[in-house]
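Results of the structural survey
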Amino acid sequence: MQSIYTSNQYAELNPTWHEEDSPWKAKQIAEIIARNNLTFESLCEVGCGTGEILLNLSRSYPHAKFDGYEVAPNAYHRARLKATDNVSFHLKDILSDQTARYDVLVVADVIEHVEDYISFIKGLRPLARYKIFHIPLDLSVQSVIRGWPITNLRRNVGHLHYFFKETALATLYDCGYSVVDHMYTASRIELPKQAFSSKLMSLPRKLLYPLSPDLTVRILGGYSLLVLAE
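Residues numbered from 1 in each chain as written. Predicted model: local features only at pLDDT ≥ 70, side-chain atom pairs only at ≥ 80, totals over all residues. Heavy atoms only, no water.

Re the packing of helix H6 (residues 117–124) against helix H9 (residues 165–174)
When two helices pack together, their arrangement is given by the angle between the helix axes and the distance between those axes. Between H6 and H9, the least distance of the axes is 9 Å, while the angle of their chain directions is 60°. By the angle class used here, H6 and H9 are oblique. H9 is crossed by H6, and the crossing has right-handed handedness. For the pair H6 and H9, the contacting residues are Tyr117, Ile118, Ile121 and Lys122 in the first and Thr171, Leu172 and Asp174 in the second. (Axes fitted to C-alpha atoms, helices over the stretch in contact; angles between N-to-C directions. Helix = DSSP H or I, 4+ residues; strand = E, 2+ residues; numbered from the N terminus. Parallel < 35°, antiparallel > 145°, perpendicular 65-115°, else oblique. Left-handed = near helix turned anticlockwise from the far one by under 90°. Contact = heavy atoms within 4.5 Å.)

Structure below.
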């Protein structure tokens, strides 16, 4: 399945590489950094796409050094044109780079794409003290009943694994991580360019979430999980 990224297939299906989502994702990452009072001099994003999340973060943390690793040539060639004095990009698998060490590692919407995601997550552990994972919670009652939301994710954006909150956290625990903090992000409510069905579901999600966040997400979906781990 990795050929979807190393070829032009993913770029043909998703020509913007979801750049329009990057300011929102950077904001969520900055929020969990702030609420845990993290300080850092170096931050790396694994699977950085065209680099927009890192560029947004670099404007919020101008003192730090940022690196992005990407295995898709199409995305990398777009990212490298945006490199700055404190933002660099690398066309390689970070697990093959023996020199990669950072204060913070960001893995945003990546593990669901990786065939052997367990070995991948374990391999990331020694690369930074703090790891920030953003994990789409594709499994919900409504997504399983309807079926097509999950099959579309597999066909159009290459999701191979599907999580709900408990399995996402259990995966990190099983891979040897300690979870420091976690929070929901309203990905299907706040991200731009949502499908009509997501827009239709946004109202019940907004109404029910304050009453019972876990139950709302488990039944209606539409949220992702942001995790800070060591």
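Thoughts on the side chain of His159
Structurally, His159 is set in the loop between helix H8 (148–157) and H9. Among the polar contacts listed, one links the side chain of His159 to the side chain of Asp138, at a separation of 2.8 Å. Sequence-distant contacts of His159, that is, excluding residues within four places in its chain, are made with Glu112, His113, Pro136, Asp138, Leu153 and Arg154. (Polar contact = N/O pair within 3.5 Å; in protein donor to acceptor, adjacent residues only side chain to side chain.)

Quick word on empty space enclosed by the protein
Per the stated rule, a full pass over the model turns up 1 cavity of 30 Å³ or more. One number sums up the size of the largest cavity: a volume of about 50 Å³. In terms of lining, the largest cavity is formed by Leu137, Leu139, Phe164, Lys165, Glu166, Tyr184, Asp214, Val217 and Arg218. For the lining of the largest cavity, the elements supplying multiple residues, two or more each, are H9 and helix H12 (213–220). Sort the elements by how many residues they give to the lining of the largest cavity and H12 lands first, with 3 residues. For the lining of the largest cavity, a count of residues per class yields 5 nonpolar, no polar and 4 charged. (1 Å grid on protein atoms, 1.4 Å probe; cavity = no way out; pocket = protein on both sides within 12 Å on 5 of 7 lines; lining within 4 Å. Points joined across faces, edges and corners; volume = space filled by probe spheres on them. Nonpolar A, V, L, I, M, F, W, Y, C, P; charged D, E, K, R; others polar.)

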